[in-house]
Amino acid sequence: MKKAEKLKEEIIELVRYYYYLYHKPNISKKFDPDTDFINYAGRVFDEEEIINLVDASLEFWLTGGRYTDEFEKGLADFLSVKYCLMVNSGSSANLLAFMALTSHELGDRKIERGDEVITVAAGFPTTIAPIVQYGAVPVFVDIEIPTYNIDISQLEEALSNRTKAVFIAHTLGNPFNVNVVKEFCNEHKLWLIEDNCDALGSRYLYKGEWKYTGTIGDVGTSSFYPAHHITTGEGGAVYTNDKVLNKIMLSLRDWGRACWCPTGKDNSCRKRFSWQLGELPYGYDHKYTYSHLGYNLKATDLQAAIGSAQLKKLPSFIEKRKRNWKLLMEALSEFEEFFILPECTENSDPSWFGFVITLRDSCGFSRDEIVKFLETNKIQTRFLFAGNVTKHPAFDELRLSGKGYRIVGSLKNTDKVLNDTFWIGVYPKIGEEMIDYIAFKIKEFIRNGSRS
């Protein structure tokens, strides 16, 4: 055993050396605009993530284990929530959060097929997909520009006697008006799911107290794809302060089982062969008793090992994102004649995912022209996700049926985003020299009238 421990120490030191030999030179390289791309996002790491990953691989406990426990507890502590479950992606987190609200354990409050869920069309499709896939009806309201969040003035108009929930994201890290949305949900006894996948570390002043987004509604979700605030490669999480919802989500994440034993453990309830559930024979093994029609949405301990190292860096990542957003705002403010620049939601402290720009109608050029120019000059851009998700091919059948969704008003701002909005990155690897270069190139585009 001592030989194995010594060998492990040697392996870890070799891993550390490998990082400094192979990865560190690329990470530390000075920005060269002639050769280097300014990506919209990307992984930011050092030797600790690789060491954790190798450590977990040497243990070879491939499913959830000690690193998963550490990561779930660490994220819960950071957010100040009672419960956190790691899953295999942010999309799975959204699926799990929504499907939990369809559980029979919620009685009259459960979402039934045909019930309505208020959301927005200007966002990422996996906020909406679980609603449609289950057979509920998304009700789309418009967004506000320049916060790019839900237009709260349309909430009452969106309400019907079938409304059961509100499921919306904090757009690009900018919190939606939580005070109004939460009050609306409380008044009408609606569930609130906060899609927090682009906003980990954002805060909102709720009832006089600063709270992290994702922790004010009934359930919050996160994504740990490499583009996001922290990464586990693929991965996500759901979190809540509601004991019942956590129990339901645990069941749904783990095949729908009734058993709550951790992986590799037996008989936590001390009644494993003493239950009488459903029409099963008395004493049927609790580990193979199913209370929901669930999934396998678990992540691996290898992913959690990376996440545990990333969590320690999260506060610094948040500060760098805020710094980069502020520097971009300062650098691009001279171009407000051409651009609608983003604004923070009142009472918020965003952990920005990106810097979003919308062309003014009078700017004299198209989004395609400036995006092509930026991309040609190695500045990566992204549109605001689906723009208007109802205009995508996936919605053709629903649109033709006339029963798949409902739209409140005209979605005027959503369509403006569809045609005239893009965003650029603020992730921690972007330095001041890169921001200066972005501003220089945008100035060049505008002043030279470049359209190529």
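Residues numbered from 1 in each chain as written. Predicted model: local features only at pLDDT ≥ 70, side-chain atom pairs only at ≥ 80, totals over all residues. Heavy atoms only, no water.

Asks: Outline the pattern of salt bridges, supporting the account with residue identities and numerical values.
Replies: Considering all chains together, one arrives at 31 salt bridges under this definition. Each of Lys8, Asp55, Glu59 and Arg66 takes part in salt bridges that share partners, so that together they form one network. (Salt bridge = Lys/Arg side-chain N within 4 Å of Asp/Glu carboxyl O.)

Asks: Would you mind going over unusual backbone geometry in detail, with residue names and values included?
Replies: In the segment running from Ile145 into Pro146, the intervening peptide bond is cis, with an omega of 25°. Its identity is not glycine, yet Trp255 carries a phi of approximately 70°, on the positive side.

Asks: So what's going on with the side chain of Thr414? Residues and values would help.
Replies: Its location among the elements puts Thr414 in helix H12 (residues 412–420). Within the structure, Thr414 has its side chain in polar contact with the side chain of Asp142 (distance 2.7 Å). Excluding anything up to four places from it in sequence, Thr414 contacts Ala121, Ala122, Asp142, Ile143, Gly387 and Asn388. (Helix = DSSP H or I, 4+ residues; strand = E, 2+ residues; numbered from the N terminus. Polar contact = N/O pair within 3.5 Å; in protein donor to acceptor, adjacent residues only side chain to side chain. Contact = heavy atoms within 4.5 Å.)

Asks: Explain the packing of helix H1 (residues 2–28) against helix H2 (residues 47–59) to me, and be specific about the residues and the numbers.
Replies: Contact pair H1 / H2: the axes reach a minimum separation of 9 Å and the direction vectors enclose 145°. The interaxial crossing formed by H1 with H2 has right-handed handedness. Between H1, through Lys8, Ile11, Ile12, Val15, Arg16, Tyr19, Tyr20 and His23, and H2, the contact on the second element is made entirely by Glu47, Glu48, Ile50, Ile51, Val54, Asp55 and Leu58. In the contact of H1 with H2, the residues fall into nine nonpolar, one polar and five charged. (Axes fitted to C-alpha atoms, helices over the stretch in contact; angles between N-to-C directions. Left-handed = near helix turned anticlockwise from the far one by under 90°. Nonpolar A, V, L, I, M, F, W, Y, C, P; charged D, E, K, R; others polar.)

Asks: Describe in detail helix H3 (residues 66–79), supporting the description with residues and values.
Replies: The terminal C-alpha atoms of H3 lie 20 Å apart, and with 14 residues this matches the ideal 20 Å at 1.5 Å per residue to within 8%. All of the buried residues in H3 are Tyr67, Thr68, Phe71, Glu72, Leu75, Ala76, Phe78 and Leu79. Down the axis of H3, the buried side of the element spans an arc of 165°, and every buried residue falls inside it. Facing away from the buried side of H3 by more than 90 degrees, the exposed set consists of Asp69 and Lys73. Those residues of H3 that are buried are in contact with H2, strand S1 (83–87), strand S7 (209–212), strand S9 (236–240), helix H8 (243–253) and helix H9 (301–332). (Expected span 1.5 Å × (residues − 1). Buried < 20%, exposed > 50% of the residue type's maximum accessible area, 1.4 Å probe, protein only. Arc of directions from axis to C-beta.)

Asks: Residues and numbers for the sheet that holds S7, please.
Replies: Across the sheet, three strands lie side by side as S7-S6-S11; this open sheet has antiparallel pairing. Sheet topology places S7 and strand S11 (348–349) at the edges, where each strand pairs with a single neighbour. Note: strand S6 (residues 203–206) against S7, four bridges, orientation antiparallel. In the strand pairing of S7, Arg203 is matched with Tyr212. (Pairing = 2+ DSSP bridges.)

Asks: Describe the nonpolar core, with residues and values.
Replies: In a soluble, globular protein the nonpolar side chains are often hidden away together inside. Counting residues in hydrophobic clusters, the biggest one holds 35 residues, and the most contacted among them are Leu332, Phe339, Phe355 and Phe365. Broken down by secondary-structure element, the contributors of at least two residues to this core are H9, strand S12 (354–359), helix H10 (367–376), strand S14 (421–425) and helix H13 (432–448). With eight residues, H13 is the single largest residue contributor to this core. Grouped together as the second largest cluster of nonpolar side chains are 32 residues, Ala41, Val166, Phe176 and Tyr206 included. (Core = buried A, V, L, I, M, F, W, Y, C linked by side-chain atoms within 4.5 Å.)

Asks: Break down the environment of Trp255 for me, with residues and values.
Replies: Among the secondary structure elements, Trp255 is positioned in the loop between H8 and H9. Sequence-wise, Trp255 and Leu75 are 180 residues apart; in three dimensions their C-alpha atoms are separated by 23 Å. The contacts of Trp255, once residues within four sequence positions are left out, are Tyr290, His292, Gly294, Tyr295, Asn296 and Lys298.

Asks: Give me the lowdown on the pairing of strand S4 (residues 163–169), citing residues and values where you can.
Replies: Counting buried positions along S4 yields six of seven residues, so the element is predominantly enclosed. What joins S4 to strand S5 (residues 191–195) is helix H7 (residues 178–188), and the crossover it makes is right-handed. (Right-handed = clockwise from strand over helix to strand, strands pointing away.)

Asks: Go over the packing of H2 against H9, please, and point to the residues and values.
Replies: The geometry of H2 relative to H9 is characterised by a closest axis approach of 8 Å and an angle of 150° between their N-to-C directions. Classified by the angle between their axes, H2 and H9 sit roughly antiparallel to one another. The element H2 and its partner H9 pack so that their crossing is right-handed. Seen from H2, the contacting residues are Glu48, Glu49, Asn52, Leu53, Ala56 and Ser57; seen from H9, they are Asp301, Leu302, Ala305, Ile306, Ser308, Ala309, Gln310 and Lys313. Residues that form the contact of H2 with H9 fall into these classes: six nonpolar, four polar and four charged. (Parallel < 35°, antiparallel > 145°, perpendicular 65-115°, else oblique.)

Asks: Which residues make up the pairing of strand S2 (residues 116–120), and what values do they have?
Replies: The buried count for S2 comes to five of five residues, which makes it a mostly enclosed element. The side-chain alternation of S2 yields two buried faces, one formed by Glu116, Ile118 and Val120 and the other by Val117 and Thr119. A crossover connection joins S2 to the parallel strand S3 (residues 137–141) through helix H5 (residues 129–134); in handedness this β-α-β unit is right-handed. As paired strands, S2 and S4 are joined by three bridges and run parallel to one another. Residue Val117 lies in a different strand from S4, and its bridge partner there is Ala165.

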